[in-house]
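Chain residues, written in single-letter form:
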Amino acid sequence: MKAVGICGSDVHYYKHMRLADFIVKEPMVIGHECAGVVEEIGNEVTHLAVGDNVALEPGVSCAHCSHCKEGRYNLCDEMKFFATPPIHGSLANFVVHPASLCFKLPENVSLEEGAMCEPLSVGVHACRRAGAGPHTKVLVMGSGPIGLVTLMAAKAFGSPRVVVVDVDENRLKMAQELGAHEVVCVSTRIEDVEKEVLEIQQKMAADVDITFDCAGLEKTMRTALKATRSGGEVCLVGMGHVEMKVPLTAAAAREVDILGVFRYRNTYQLCIDMISSGRINVKPLITHRFGFSQEDVVKAFNVSAMGGSAIKVMFNI
Amino acid sequence: MAEVQEGGFRAFHPSWEDPSCARNLAVWVCGVDDLRLLPYTVVPQLGMNDVRVKIKAVGICGSDVHYVKKLRNSRVAMKEPMVLGHESSGVICEVGASVTHLRVGDRVALEAGIPCNSCVLCKEGRYNLCKNVRFFGSPPTNGSLTQEVVHPASLCYKLPDNLTFEEGAMCEPLSVGVHACRRAKVEPGRRVLILGAGPIGLIVLLVSRAFGATTVHVTDIDQRRLMAAASLGAEGTLRVSSDMNDMENEVMELKQLIGVPIDVTFDCVGITKTMQTALKVTKSGGKVCLVGMGQDNLTLPLTSSAAREVDVLGIFRYCNTYPLCLDLLQSRKVDVRPLITHRYRLTEDDMKEAFQTTAMAGDAIKVMFTI
């Protein structure tokens, strides 16, 4: 293992020992956004060789349930996913993993970029589900790591205009650097929804076809549903609040569909190709780097937990 | 004669005093629970692409009743008296100069909404979402519970010989079911669950079966409605309560009853309890289709269902459904005749009783006026 990024869910397990229905019942190895060098291959492995740099797709699905057979393996009930209890993660020196989930990195894609394929996959999967393309004008709520990869994926998919909103001016600056056409600084107050919807629509200067809610809060969902055009889509990517309530009037009266996103499927090769061709540049997202010592690990998690200017914290092992 | 009531509601319409309208009676809602049979506008000169239709059958629905009780729905309020009704069929008695596909004497079903045909939504074919649609019986557009209307020829569909006027009128609510099943992609292999066995739930049941769903199960709080569902082909039914505390148990019971993952759940009631049930009971990667409008400002926790990629699709009216409805009816893939439970004529007494019957629900499914 050479490069491992930390994600909000890793921090959540660290702080709360659980995430939704997944409970950490005994000590667990953390981390799932990873890339490394192949050290040994099994007898039947033909597409990889010792010494290959690979990005690892974290989730091992069962391959025989109907979700898997239909290609929606991210929904597999028997999914074994790095650092989702009870499955140990990959923030380690070595792991053993199915070769079919290890994707060879071309010369011009670094191990850190390989690790970034994991969060990038979330943005790519969301864009696919929502049908982002040259004909869709996109609104991204939340300019954290997930909002930013979704912004990048939307642009890579050809979206001609992407507006990003957040409460944090610094995060919005990052969004602009990464290619957001417009940004809007919003508040945390629910009373401001109407006003902010108008601002967003003005900045978009067109109808909003798809809104990605990458924060997943009551306010962001309300804004998303009001801002999106009739017949458009709201894609809930963030996992802000489990009990967050969403008003369904827009869905019922204007056919604004609400799509859920859970992790990703069939995205790794596409992510690697887009990074390799330069269509997507994930390097600016890596804001902090740490080594693999007790001290560094604790510091890294605290930096990640603080958010703010920390987007992606990366371990170099 | 203009009485201005509270909230700027003017309880008068010029048709009532216009002698040229006297021959065309309509059912007007003039105030809360104030239904009157009065004259209605007769358009003297047909537009080139319009037809004049002698109305023969009009069904009424919960939304019509809602206007009688509240003078509004969740989005729009009446500012003056309005003619009710939007589920209609009739006979062509005059055609506009450019109309070629219809002739005098043709029996037609009328599609209720006239879209603008020039906005992006119209041009993309989702004309049900047109912001400027004029829809029968939706303020400020008068409805079709009357003897004569003028309507665009392109929204009048010729009835096959083996269908009655009543079946033609039923194309309107049937369209809601067709649109819902299309959006939710009901097809062979799908396991469907329908919450609510009222007129819309029963129509969605009929259409789901016509679209080839492998099984369709239905829930309701009313045993009589469940019996109707069973007689119309539901594989199984479950009686549920209106108590939110029962939801978890009901979800388990439903999963046991159906035995396999549920691909699509249609909420044909549209209240918190039914939507919550739908979101919990539908399989990962499945769809919940919100068809009913039972509650204004329906607000629900979505995180746990979104995290299973259970999508929520809303249904607003319908688009491009009439030809398919007529095909389904003509070929008897769908038979709506059992849904018509009560019939009335265009008289003062019948009018009042018709709306009372619809409002009370019970064993009334579709109430139909014969004009």
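Residues numbered from 1 in each chain as written. Chains lettered and ligands numbered in written order. Predicted model: local features only at pLDDT ≥ 70, side-chain atom pairs only at ≥ 80, totals over all residues. Heavy atoms only, no water.

Per an unreviewed UniProt entry, chain B goes by Enoyl reductase (ER) domain-containing protein and derives from Ceratopteris richardii. In UniProt, chain B has this text filed under Cofactor (unreviewed entry): "Zn(2+)". Listed in UniProt under the heading Sequence similarities (unreviewed entry), the comment for chain B reads: "Belongs to the zinc-containing alcohol dehydrogenase family." (UniProt positions renumbered as here; feature names shortened; annotations may be inferred.)

Under an unreviewed UniProt entry, the name given to chain A is Enoyl reductase (ER) domain-containing protein, and the source organism is Ceratopteris richardii. Note on chain A: under the UniProt heading Cofactor (unreviewed entry), the record states "Zn(2+)".

A. Just the sheet that holds strand 16 (residues 286-290) of chain A, in detail. All names here are of chain A. What the six strands build is an open sheet, ordered 8-5-4-1-17-16; its pairing is mixed. Two strands in the sheet have a free side with no partner beyond their single neighbour: strand 8 (102-104) and strand 16. The mean angle between the axes of side-by-side strands here comes to 25°, regardless of whether they run parallel or antiparallel. (Pairing = 2+ DSSP bridges. Helix = DSSP H or I, 4+ residues; strand = E, 2+ residues; numbered from the N terminus. Axes fitted to C-alpha atoms, helices over the stretch in contact; angles between N-to-C directions.)

B. Broad picture of helix 5 (residues 223-231) of chain B. Residue and element names in this part refer to chain B. Taken together, the buried positions of helix 5 are occupied by Arg-225, Leu-226, Ala-228 and Ala-229. For helix 5, the arc enclosing every buried residue in end-on projection is 155°, short of the 170-degree limit, so these residues lie on one face. In helix 5, the exposed residues that point more than 90 degrees away from the buried face are Met-227 and Ser-231. Against the buried residues of helix 5 lie helix 4 (199-210), strand 12 (215-220) and strand 13 (236-239). Structurally, the start of helix 5 carries an N-cap: the backbone nitrogen of Arg-224 is 2.9 Å from a side-chain oxygen of Asp-222. Trailing helix 5 by a residue or two, Gly-233 shows a phi angle of about 110°, which is positive. (Buried < 20%, exposed > 50% of the residue type's maximum accessible area, 1.4 Å probe, protein only. Arc of directions from axis to C-beta. Contact = heavy atoms within 4.5 Å. Polar contact = N/O pair within 3.5 Å; in protein donor to acceptor, adjacent residues only side chain to side chain.)

C. Focus on the domain arrangement of chain B. Residue and element names in this part refer to chain B. Taken domain by domain, chain B holds domain 1 (4-170 + 336-370) and domain 2 (176-314). The C-alpha centroid of domain 2 is placed 30 Å from the C-alpha centroid of domain 1. Buried surface at the junction of domain 1 and domain 2, summed over both partners, amounts to about 880 Å²; 63% is from carbon and sulfur atoms. Three residues stand out in domain 1 for area buried against domain 2, namely Leu-339, Gly-362 and Ile-365, and they jointly supply 45% of the buried area on that side. Linking domain 1 with domain 2 are zero salt bridges. Between domain 1 and domain 2 we count one residue pair in polar contact (both at pLDDT 80 or more) in total. A breakdown of the residues in the side of domain 1 that touches domain 2 according to their chemical character gives six nonpolar, three polar and two charged. (Domains from an automatic or database assignment. Buried area = accessible area lost by both parts, 1.4 Å probe. Salt bridge = Lys/Arg side-chain N within 4 Å of Asp/Glu carboxyl O. Nonpolar A, V, L, I, M, F, W, Y, C, P; charged D, E, K, R; others polar.)

D. Region of the structure containing the sheet that holds strand 2 (residues 34-39) of chain B. All names here are of chain B. One open sheet holds the three strands; their spatial order is 2-1-4, and the pairing between them is antiparallel. Each edge of the sheet is formed by a strand with only one pairing partner; in this case those strands are strand 2 and strand 4 (82-83). Here helix 10 (residues 348-360) sits on the sheet in contact with strand 1 (25-31) and strand 2, set at roughly 140° to strand 2.

E. Broad picture of unusual backbone geometry. The peptide bond linking Pro85(A) to Pro86(A) adopts the cis configuration, its omega dihedral lying at 10°. With respect to the helices, strands and loops of the structure, Pro86(A) is situated in the loop between strand 7 (80-81) and strand 8. With omega at 5°, the peptide bond leading from Pro139(B) into Pro140(B) counts as cis. Topologically, Pro140(B) is positioned in the loop between strand 8 (134-135) and strand 9 (148-152). Although it is not a glycine, Glu309(B) adopts a positive phi angle of roughly 55°.

F. Expanded view of the pairing of strand 9 of chain B. Residue and element names in this part refer to chain B. Burial runs high along strand 9: four of the five residues are buried. Looking at chain direction, strand 3 (residues 50-60) and strand 9 are connected through five bridges and run antiparallel. Note on strand 9: the bridge partner recorded for Val-51 is His-151.

G. Representation of the side chain of Arg52(B). Residues and elements named next belong to chain B. Relative to the helices and strands, Arg-52 resides in strand 3. A residue is classified by how much of its surface remains accessible, and Arg-52, at 6% relative accessible area, is buried. A distance of 2.8 Å separates polar atoms of two side chains, one belonging to Arg-52 and the other to Glu-94. Sequence-distant contacts of Arg-52, that is, excluding residues within four places in its chain, are made with Val-42, Val-43, Pro-44, Leu-46, Val-91, Ile-92, Cys-93, Glu-94, Glu-148, Val-149 and Val-150.

H. Focus on the environment of Thr219(B). All names here are of chain B. Summarising the element assignment, Thr-219 is placed in strand 12. Counting along the chain gives 68 residues from Thr-219 to His-151, while the straight-line C-alpha distance between them is 38 Å. Not counting the four nearest positions on each side in its chain, Thr-219 is found in contact with Leu-193, Ile-194, Leu-195, Gly-196, Ala-197, Leu-226, Leu-238, Val-240 and Leu-254.

I. A look at the interface of chain A and chain B. Contact with chain A, which involves 34 residues of that partner, is made by 32 residues of chain B. Of all residues in chain A, Leu248(A), Ala252(A) and Glu255(A) give up the largest surface area on contact with chain B, accounting jointly for 24% of the area buried on that side. Linking chain A with chain B are eight salt bridges, by the criterion used here. The salt bridge partner of Glu309(B) is Arg72(A), with a shortest N-O separation of 3.2 Å. Our count for the chain A to chain B interface comes out at 18 residue pairs in polar contact (both at pLDDT 80 or more). When residues of the side of chain A that touches chain B are traced back to their parent elements, those giving at least two are helix 3 (111-130), strand 13 (228-236), strand 14 (245-247), helix 8 (249-254) and strand 15 (257-260) of chain A.

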